[in-house]
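Per-entry structural report
Here is how the chains run, residue by residue.
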Amino acid sequence: MRLASREDPAVTIDARAVEIHAHNLIAQRQYAEAEALLRAALAQGTGPIPLWRQLAATLRHQGRPAEALPIQQLLVDNVPGDLSMRFDLAETLLILGEFERGWREYHYRYQLPHTARIERKVQKPRWMGQPMPGKTLLIHDEQGFGDTFQFMRMVAWARERSQANVVLEINPQTASLARRMGGFDVLTLHGELPPPFDAHVEMMSLPMAMGLKISDLPGAPMPYLTPDPERLAQWKKRLEGVKGPRVCLVWAGRPTHLNDANRSIELQGLAPLMQAGATLISIQKGPTEGEAADPPAGIALLNLSPEIRDFEDTAAILCETDLLVSVDSSPVHLAGALGRPAWALLPFAPDWRWLMNRDDTPWYPTVRLFRQTAPGDWDGVIGRVVEALKAWPGR
């Protein structure tokens, strides 16, 4: 493989035309067609950077990150200043379980146009895992709620490693769960002025600072989150008389997520779950929660969505029901952190944190993964969930 400019004499194709055509195919999710086009254009082993990058993208979308890795490595080696390519490399390394380098490359997430706005501008050094006894370390969350639930486990570990006084800055929506978790000295909310501190670190940079390896996971005593006792009592009473198994459903993630079109499902697609003889309970929140009020024909739901005020309600419901069946969204992480059974429905090319070719996850011992076996094949996933639910020991 060799990179070239569009003007290189070795480039005998109309590279710009190929790039545009491949872009359109990728946008239409015709990944195999885009791959064939790009491989033909790069058949001589040389070609412009955009074509190599598109080829790597088509491989990732087709669930072949190991084949994309050498191409991405070539791109990064030749254009180290293109930080978006370094971020692509990070996600490939992480999904392949190559954590050591993956976490380092993942730090480039803040140099991208769609993430630069969330970087915390701090005039203090970033903590890199060193002891700092007697000083104060600020740990702040940064991205989605699921990310916060996933990486909260590392706060206590960081306090032990740093020997510092730890200030945890967190979003208000997850603060009450964090308070019960502990592992820090002071908790402050986004928008508040934190106490003076000597160093800081983003919650999702803790793996890099602490050299997290797969063998270290789950990395904290499980579960590391607990429900609020008062909410638990309220929901226990609310669910009295509801027959089991009681299966909570989440079929859509946050619409603004870059991969939401691949990870979310139409509610109608869950209709086969009715065959399993379970009580299906909607805990869906967000723009699609209204669908549970008037579900499609063939789906009977206990709709709890309008009664859920916050994550404390969700946590209590998860602890008073038998199972969560959900697309890749924050309730999966919350269930895993609570030690509750959850089945995550994953697209063919999943998010990096779920790794590849396994139906379990080292992050959460109680979470089981159901992966698409072909792009877009949710019917196959739901069919396997139905069969698993019929045979589920939790019944």
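See the structure printed just above.
The paragraphs below set out a description of the structure included in this document. What you are looking at is a predicted structure, and each value in this text was computed from that prediction instead of being measured. (Residues numbered from 1 in each chain as written. Predicted model: local features only at pLDDT ≥ 70, side-chain atom pairs only at ≥ 80, totals over all residues. Heavy atoms only, no water.)

1. Things to note about the sheet that holds strand β3 (residues 136-140)
The strand order across the open sheet built from 4 strands is β5-β4-β3-β6, with neighbouring strands paired in parallel fashion. Both edges of this open sheet fall to β5 (186-189) and β6 (199-202), since each of them pairs with a single strand only. Strand after strand, the sheet turns through a mean of 25° between neighbouring axes, direction not considered. Pairing of strand β4 (residues 165-170) with β5 involves 4 bridges; the strand directions are parallel. Each bridged residue has a counterpart across the sheet, and for Glu169 the counterpart in β5 is Thr188. Helix α8 (residues 154-162) rests against β3 and β4 of the sheet, and its axis sits at about 155° to β4. (Pairing = 2+ DSSP bridges. Helix = DSSP H or I, 4+ residues; strand = E, 2+ residues; numbered from the N terminus. Axes fitted to C-alpha atoms, helices over the stretch in contact; angles between N-to-C directions. Contact = heavy atoms within 4.5 Å.)

2. Observations regarding the side chain of Arg231
Tracing the chain through its elements places Arg231 in helix α11 (residues 229-238). Contacts of Arg231, omitting those with residues within four sequence positions, involve Arg309, Asp310, Glu312, Asp313 and Ala316.

3. Regarding the sheet that holds strand β10 (residues 323-327)
Pairing is parallel in the open sheet, where 6 strands are placed in the order β9-β8-β7-β10-β11-β12. On the outer flanks of this sheet lie β9 (302-303) and β12 (367-371), each paired with one strand and no other. In this sheet, β10 lies alongside strand β7 (residues 246-250) in parallel orientation, the contact comprising 4 bridges. Counted as the bridge partner of Leu249 is Val325 from β10.

4. Topic: the pairing of β3
A regular strand places its side chains on the two faces of the sheet in alternate fashion. Most of β3 sits inside the fold, with 5 of its 5 residues counted as buried. Taking every second residue as pointing to the same face, both faces of β3 are buried, with Thr136, Leu138 and His140 on one and Leu137 and Ile139 on the other. Pairing geometry for β3 and β4, over 5 bridges, is parallel. Across the sheet, residue Leu138 finds its bridge partner in β4, namely Val167. One ladder, built from 4 bridges, connects β3 with β6; its direction is parallel. Bridged to His140 within β6 is Glu202. (Buried < 20%, exposed > 50% of the residue type's maximum accessible area, 1.4 Å probe, protein only.)

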